Number of protein chains: 2
Amino acid sequence: MEAPFYSRLALIGIGLIGSSIALAARASGAVGEIAIHTRSPSTLKRAEELGLGDAYFATAAEAVKGADCVIVCVPVGACAAVAAEIGPHLAPGAVVSDVGSVKAAVVKAMAPHLPAGIHFIPGHPIAGTEYSGPDAGFATLFENRWCVLTPGEDVDPAAVARFVAFWRTLGANVETMSAEHHDLVLAITSHLPHLIAYNIVGTASDLEAGIRSEVLKFSASGFRDFTRIAASDPTMWRDIFLANKDAVLEMLGRFNEDLAMLTRAIRTGDGDTLFELFTRTRAIRRSIVAIGQDTAAPDFGRRGTEKPEG
Amino acid sequence: MEAPFYSRLALIGIGLIGSSIALAARASGAVGEIAIHTRSPSTLKRAEELGLGDAYFATAAEAVKGADCVIVCVPVGACAAVAAEIGPHLAPGAVVSDVGSVKAAVVKAMAPHLPAGIHFIPGHPIAGTEYSGPDAGFATLFENRWCVLTPGEDVDPAAVARFVAFWRTLGANVETMSAEHHDLVLAITSHLPHLIAYNIVGTASDLEAGIRSEVLKFSASGFRDFTRIAASDPTMWRDIFLANKDAVLEMLGRFNEDLAMLTRAIRTGDGDTLFELFTRTRAIRRSIVAIGQDTAAPDFGRRGTEKPEG
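Conventions adopted
- Residues numbered from 1 in each chain as written.
- Chains lettered and ligands numbered in written order.
- Predicted model: local features only at pLDDT ≥ 70, side-chain atom pairs only at ≥ 80, totals over all residues.
- Heavy atoms only, no water.
- Pairing = 2+ DSSP bridges.
- Helix = DSSP H or I, 4+ residues; strand = E, 2+ residues; numbered from the N terminus.
- Contact = heavy atoms within 4.5 Å.
- Axes fitted to C-alpha atoms, helices over the stretch in contact; angles between N-to-C directions.
- Parallel < 35°, antiparallel > 145°, perpendicular 65-115°, else oblique.
- Left-handed = near helix turned anticlockwise from the far one by under 90°.
- Nonpolar A, V, L, I, M, F, W, Y, C, P; charged D, E, K, R; others polar.
- Core = buried A, V, L, I, M, F, W, Y, C linked by side-chain atoms within 4.5 Å.
- Buried < 20%, exposed > 50% of the residue type's maximum accessible area, 1.4 Å probe, protein only.
- Least-squares fit on C-alpha atoms with pLDDT ≥ 70 in both.
- Domains from an automatic or database assignment.
- Buried area = accessible area lost by both parts, 1.4 Å probe.
- Salt bridge = Lys/Arg side-chain N within 4 Å of Asp/Glu carboxyl O.
- Polar contact = N/O pair within 3.5 Å; in protein donor to acceptor, adjacent residues only side chain to side chain.
- Phe/Tyr/Trp six-rings, centres within 6.5 Å; stacked < 30°, edge-to-face > 60°.

### Concerning the sheet that holds strand β4 (residues 69–72) of chain A
All names here are of chain A.
Okay, step 1: On the basis of which strands lie adjacent, the open sheet formed by 6 strands has the order β3-β2-β1-β4-β5-β6 and parallel pairing. Only two strands of the sheet have a single partner each, and these edge strands are β3 (55–57) and β6 (119–120).
Okay, step 2: Note: β4 against strand β5 (residues 95–98), 4 bridges, orientation parallel. Residue pairing for β5: V72 is matched across the bridge by D98.
Okay, step 3: Across the sheet, helix α6 (residues 157–169) lies against β1 (6–12), β2 (31–37), β4, β5 and β6, angled at about 75° from β1, the strand it touches most.

Here it is as structure tokens:
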């Protein structure tokens, strides 16, 4: 199977992910034309200034006309409304996908609005930065990152294979699984870490003024890494927590049990329990570096360079 | 005041911080000679192979002889024993300092063993990576990082001024405050973030095998940043939590109150509360970038580069 995989790609929503798909699809020749719609007129204008597509539309209904691939790149909470709007205007046989960080809720929200003959292949490219908007996108965002697809069991395998090839051409490693399994894995790898980061940064911002200014000053000691995560898009993350409530609450329950044990160890001066946990977590870091999901370069100094030789 | 500030610097302990002090002091000409002791014979041998000092000693007592500046670079829990050993052998008028992440407990542990005429100036360079040991050190580790000094009110101001100048020559920004205030600020900026990171990585490692392997695979979605923090030295961090128990438990209490509120918001579908918090935390991130404590470069992609132009 060779590029272009689709003659016309429609992107509904042109934030960090949408604009990066546009740039990567263009750079790789994965599609013919690119049609763009986004709700805000000023953002649509900005997308045009940036030259992200070939055609720009004030409504989603117009943008999807004649497109053989439609990727909805809006916050999870807005997917149902978009699906309802585009449903009657989709070209027969088109692929419809999304990029939401939650999958079961998105399937439930979109599927009822999609007519027969459409290949619905929900997707989640696990890539991003703490920035958002069309100016934040770049063509290499998906390189060597995972993209999880969660097609239902009744979806045409040839359509799935073509969409997998499209994402691989954009640089991603692709894996397919059920929407429910995706949501459980992401609850612990992504949603809980974000919730905890938001929480600790919130706790710090509520401190007495005399301490708060020093929290910023001395943030390099660990806090800084949490603020980076807690700077992610508020609308997107509100929707994620509401849409993946059950899995997030399940993981939060486990986290709280463990934290209670750790708190007790500190209170009672049980150094052995602390040391045992801290040794175990260090090994997990090494596994992540070993499988290439992060670099081994020391990063606390934020110089983006390896330690100098000698 | 000009370098060299001390004719002979003794470093007791030669891990990441000790070796970085040795390299930075040498590179900047901040000291004349460097004497090194560390407990493990193989680590001492490694320090000699790396050429970190001018003289190497099997005991701390020998290493401090004739030194006009002694910096104890061992885990917080080991400071008392080192102070007891070196106390009788210190040169009159020498500066004695440390690099521990907790200050009140270190003062309590070391001060009783230091004879009159010694200038005791506890210190905490807020710099590091997730690596440890003499091979991890580099000369620029302290550049543009804070070093907090917590001298008692009775310490000779001239001795403090000289030690401040020494640290500035190593590249650090220096601030002085009370040991108690330091411990409260670090509890929220450093100790609590580490505790939370250790905890969440531990929670993930206890998951059922089918999910656990995917936690590593999809770690780029947020979890990865926690594993970086949770890979820090286990002995050092065990000692920190035991030594700064009260301040850590205080901040942990606040964190738990906030998390309970956030959990309830998710459970009841209260999107407004989530959105309000996530907007507030984003602003804190911007403050940290604005005051130069982190770069604005998007880091989730871990490429160490700015977004390409255009």
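### With respect to the sheet that holds strand β8 (residues 146–149) of chain B
Residue and element names in this part refer to chain B.
Okay, step 1: Here 3 strands make up an open sheet; going across it, the order is β7-β8-β9 and the pairing mixed. This sheet does not close on itself; its edge strands, each paired only once, are β7 (123–125) and β9 (173–176). On average, each strand axis in the sheet is inclined to that of its neighbour by 20°, with strand direction left out of account.
Okay, step 2: In terms of strand pairing, β8 meets β9 through 4 bridges, oriented parallel. Looking at β9, one finds that V148 is bridged to E175.
Okay, step 3: Here helix α6 (residues 157–169) sits on the sheet and contacts β7, β8 and β9; the angle it forms with β8, its principal contact strand, is near 165°.

### Focus: the packing of helix α11 (residues 245–268) of chain A against helix α11 (residues 245–267) of chain B
Okay, step 1: Where α11(A) meets α11(B), the closest approach of the two axes is 12 Å, and the angle between their N-to-C directions is 165°. The angle between the axes of α11(A) and α11(B) places the two elements in the roughly antiparallel class. Our pair here, α11(A) against α11(B), has a crossing hand that is left-handed. Contact with α11(A), carried on its side by K245(A), V248(A), L249(A), L252(A), F255(A), N256(A), L259(A), T263(A), I266(A) and R267(A), involves K245(B), V248(B), L249(B), L252(B), F255(B), N256(B), L259(B), T263(B), I266(B) and R267(B) of α11(B) and no other residues of that element.
Okay, step 2: Looking at the contact of α11(A) with α11(B) residue by residue, the classes come out as 12 nonpolar, 4 polar and 4 charged.

### Description of the nonpolar core
Okay, step 1: Core analysis: the biggest nonpolar cluster contains 88 residues, and I196(A), F226(A), F255(A), I196(B) and F226(B) have the highest contact counts within it.
Okay, step 2: Among all residues touching I196(A), those that are not within four sequence positions of it are F226(A), F255(A), I196(B), I200(B), F226(B), F255(B) and L259(B).
Okay, step 3: With 42 residues, the next largest nonpolar core counts A22(B), L149(B), V164(B) and W167(B) among its residues.

### Re the relation of the copies chain A and chain B
The two chain copies are connected by a rotation around an axis plus a translation along it.
Okay, step 1: Relative to chain B, chain A is turned by 180° and slid 0.0 Å along the rotation axis, the superposed coordinates differing by an RMSD of 0.0 Å. The superposition operator between the copies reduces to a two-fold rotation axis.
Okay, step 2: A shared interface surface links the copies, since 100% of the contact residues of chain A are contact residues in chain B too.

### What to know about the domain arrangement of chain A
Residue and element names in this part refer to chain A.
Okay, step 1: Examined at the domain level, chain A breaks down into domain 1 (6–177) and domain 2 (182–290).
Okay, step 2: Here the C-alpha centroids of domain 1 and domain 2 sit 31 Å apart.
Okay, step 3: Between domain 1 and domain 2, the residue contacts involve 16 residues of the former and 14 residues of the latter.
Okay, step 4: In total, about 1,100 Å² of surface goes out of reach between domain 1 and domain 2, with carbon and sulfur atoms giving 66% of it.
Okay, step 5: Three residues, S101, V102 and E130, lead the burial of domain 1 against domain 2; their summed loss comes to 44% of the area buried on that side.
Okay, step 6: For the pair domain 1 and domain 2, the interface holds 0 salt bridges.
Okay, step 7: On inspection of domain 1 and its partner domain 2, the count reaches 5 residue pairs in polar contact (both at pLDDT 80 or more).

### Focus: unusual backbone geometry
Okay, step 1: Between A3(A) and P4(A) the backbone carries a cis peptide bond, its omega angle lying at -5°.
Okay, step 2: Within the secondary structure, P4(A) is located in the segment before β1.
Okay, step 3: Positioned with a positive phi, N144(B) is a non-glycine residue whose angle comes to about 60°.
Okay, step 4: Along the chain, the position of N144(B) falls in the loop between β7 and β8.
Okay, step 5: The exposure class assigned to N144(B) is partly exposed, which follows from its relative accessible area of 47%.

### What about the packing of aromatic side chains?
Okay, step 1: Throughout the structure, instances matching the rule amount to 17 aromatic pairs over all chains.
Okay, step 2: Between the aromatic rings of F142(B) and W167(B), the centroid separation amounts to 5.1 Å while the plane-to-plane angle is 90°, which identifies the pairing as edge-to-face. One end of the pair, F142(B), is in the loop between β7 and β8; the other, W167(B), is in helix α6, and 25 residues separate them in sequence.
Okay, step 3: What makes F142(B) buried here is its relative accessible area of 1%.
Okay, step 4: Here W167(B) falls in the buried class, since its relative accessible area comes to 1%.
Okay, step 5: Site record: aromatic cluster; members linked through ring pairs are Y6(A), F142(A), F163(A), F166(A) and W167(A).

### Comments concerning the interface of chain A and chain B
Okay, step 1: Of the residues lining the interface, 113 residues belong to chain A; the matching set on chain B comes to 113 residues.
Okay, step 2: For the pair chain A and chain B, the summed buried area comes to about 10,800 Å², and 66% of that belongs to carbon and sulfur atoms.
Okay, step 3: Between R282(A) and D233(B) there is a salt bridge, with its nearest N and O atoms 4.0 Å apart.
Okay, step 4: Across the chain A-chain B interface, the total number found is 32 residue pairs in polar contact (both at pLDDT 80 or more).
Okay, step 5: Elements with a contribution of two residues or more to the side of chain A that touches chain B: β8 (146–149), α7 (179–205), α8 (209–217), α9 (223–229), α10 (234–243), α11 and α12 (271–290) of chain A.

### Digging into the packing of α7(A) against helix α7 (residues 179–205) of chain B
Okay, step 1: Their axes nearest at 11 Å, the elements α7(A) and α7(B) cross at an angle of 160°. By the angle between their axes, α7(A) is roughly antiparallel relative to α7(B). Regarding α7(A) and α7(B), the two cross each other, and that crossing is right-handed. Contacts between α7(A) and α7(B) pair I188(A), L192(A), P193(A), I196(A), I200(A), T203(A) and A204(A) from the former with I188(B), L192(B), P193(B), I196(B), I200(B), T203(B) and A204(B) from the latter.
Okay, step 2: Its residues assigned to classes, the contact of α7(A) with α7(B) shows 12 nonpolar, 2 polar and no charged.

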